[in-house]
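Examination of the molecular architecture
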Amino acid sequence: MATGRAAVSASPLEMRAVRAVRSAAPTTVIALGVFAAVRGAGVLVLGLGAWWAGRDPLKVLGRSWDSDWYLRIAAHGYGRTLMWPEAATGTGPVQSDHAFFPLYPTLIRLVSGVLPGGMVPAALLVAWVSAAVAALGIYRVGERVTGPRAGLLLVGLWAALPHAVVLTLAYTEALLAAFAAWALYALLRGRWLWAAGLAVLAGLTRPTGLAVAAAVSATALYAIVVRRSRAPEVWLAGLVAPAGWTAYVLAVGAKVDDPFGGYFAVQRGWGSRFDFGVGALRSAERVLTGGHVPLATTVTVVLLAVAGLLAVLLVLDRTPLPLLAYTAILLVIGFGGAGFFESKPRFLLPAFPLLLPLAAVMARARPRTAVMVTAVVAGLGYGYGLYLLLIARVPL
């Protein structure tokens, strides 16, 4: 009998771990439920809207704009280019698929090998699972910084954003947000190597994955210089974090015989370059001075202005350094990069820490008020998603 009791008994450490998991599970499930409810309703609205407009909902979700490039890379590898000739010269910018980072199409290819239905269902499954994982990570960050209730509201607000429709498309923002949220959570808990590994994966996901690496490296530098840390994992994390982004940029450069500038030349073919915000200011001027301005441009200007105000609140609120560094780099890229102006809110979608001040304020309000605000924001987001994909059909 003594042997039997010893076999089933657990150490105090194991018991504490079990209790921690049990206490965390309900809020984790609720956070996932909040995200699923908000975005699930968005998918339903978009699907019904596509059906009403005579379009295939699966194609709208899985083959809109950049999705087609990712699917082609997953199916055939890199090497596709498109040239848009100009009337005067007969030549024009050349768009290459090397502008798209490799991790998402690689995952699509792997999942399509075991999932029936082809590339589109695989691409959507990867995006939707990534969005759910991101929601859990965002909740964990919000819970640690502002408390459980604010963490839940943070998830709800993020899922309800006007451009959150992208989280249910075959795009990379959900995958980047997942790596970013859990990397930031790892940094907040001092898990340096986990944070660095996730930063490497973020750097292989899309260009703005550099922001995750910057957060890890900046936090490591702070720990070394200010806190006098000599822990090997801190040094290693700071050095390794940018490896994924750097490796792909150099690989593209080597492919086009320009190791250090080749990737940026590829991006210029897409009209994407860093102009220090000149293009964004010109678009804002057009909106403010009137004239015929598309609704998508007007909404983009408003959203960028709101993002700037939220960034100020984030700084005043003394947000932890990893979140500040990550958000700052995303904002610099979003505001300072030229290219298709209406895509800028999508680029900022992974910048979920911007919503922390709002979530904290809403957490102090009555539950009914918080739910109503989230529902109103979500409803506006559903309508705007329908406009973008089915009416305006502007590139996201």
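Our subject is the structure listed above.
Conventions used here
Residues numbered from 1 in each chain as written. Predicted model: local features only at pLDDT ≥ 70, side-chain atom pairs only at ≥ 80, totals over all residues. Heavy atoms only, no water. Helix = DSSP H or I, 4+ residues; strand = E, 2+ residues; numbered from the N terminus. Buried < 20%, exposed > 50% of the residue type's maximum accessible area, 1.4 Å probe, protein only. Contact = heavy atoms within 4.5 Å. Areas by Shrake-Rupley, 256 points an atom, 1.4 Å probe, with all protein chains shown as cover. Expected span 1.5 Å × (residues − 1). Phe/Tyr/Trp six-rings, centres within 6.5 Å; stacked < 30°, edge-to-face > 60°. Core = buried A, V, L, I, M, F, W, Y, C linked by side-chain atoms within 4.5 Å. Axes fitted to C-alpha atoms, helices over the stretch in contact; angles between N-to-C directions. Left-handed = near helix turned anticlockwise from the far one by under 90°. Nonpolar A, V, L, I, M, F, W, Y, C, P; charged D, E, K, R; others polar.

Each helix and strand in the protein was counted, giving 19 helices and two strands. Looking at the 396 residues of the protein, the share that counts as buried comes to 47%. Taking the contacts inside the protein whose residues are at least 6 apart along the sequence as the reference set, 73% of them involve residues at least 24 apart. A total of about 19,300 Å² of accessible surface is found on the protein, and carbon and sulfur atoms cover 69% of it.

One non-glycine residue, Arg 228, lies in the positive phi region at around 60°. Relative to the elements of secondary structure, Arg 228 occurs in the loop between helix H10 (210–225) and helix H11 (232–240). Phi at Arg 318 is positive, roughly 55°, even though this residue is not glycine. Positionally, Arg 318 belongs in the loop between helix H15 (295–316) and helix H16 (321–336). Look at Arg 318 and you get exposed, because its relative accessible area is 76%.

What follows covers helix H6 (residues 119–146). Note on helix geometry: an α-helix contains 3.6 residues per turn, so any two residues three or four positions apart are oriented the same way. If you check H6, its first and last C-alpha atoms are 40 Å apart, about what 28 residues at 1.5 Å a residue would give, namely 40 Å. Backbone geometry just after H6 places Gly 147 at a positive phi near 110°.

Moving on, we come to the packing of aromatic side chains. Aromatic ring pairs: the centre-centre distance and the angle between the two ring planes describe each pair. For the structure on display, the rule yields 14 aromatic pairs. With a centroid separation of 5.9 Å and an interplanar angle of 25°, the aromatic rings of Phe 35 and Trp 158 are classed as stacked. With Phe 35 in helix H2 (residues 12–52) and Trp 158 in helix H7 (residues 148–160), the pair connects residues that are 123 residues apart, well separated along the chain. Judged by relative accessible area, which is 6%, Phe 35 ranks as buried. Here Trp 158 falls in the buried class, since its relative accessible area comes to 1%.

Relative to the 18 Å expected for 13 residues at 1.5 Å per residue, H7 spans 19 Å between its end C-alpha atoms, a close match to the ideal helical length. Counting buried positions along H7 gives 10 out of 13 residues, so the element sits mostly inside the fold. Looking only at H7, the buried set comprises Ala 150, Gly 151, Leu 153, Leu 154, Val 155, Gly 156, Leu 157, Trp 158, Ala 159 and Ala 160.

Attention shifts here to the nonpolar core. Tyr 104, Trp 158, Tyr 326 and Phe 352 are the most contacted members of the largest nonpolar core, which totals 112 residues. Considering each element in turn, this core owes the most residues, 14 residues, to helix H8 (residues 173–188). The contact partners of Tyr 104, leaving out residues within four places of it in the chain, are Tyr 70, Ala 123, Val 126, Ala 127, Ala 170, Tyr 171, Thr 172 and Leu 175.

A word on the packing of H10 against H11. The interhelical angle for the contact between H10 and H11, taken along N-to-C directions, is 145°, at an axis separation of 8 Å. Along this stretch, H10 crosses H11, giving a crossing that reads as left-handed. In contact with Val 216, Ser 217, Ala 220, Ala 223 and Ile 224 of H10, H11 contributes Val 234, Trp 235, Ala 237 and Gly 238. When the residues that make up the contact of H10 with H11 are grouped by side-chain class, the tally is seven nonpolar, two polar and no charged.

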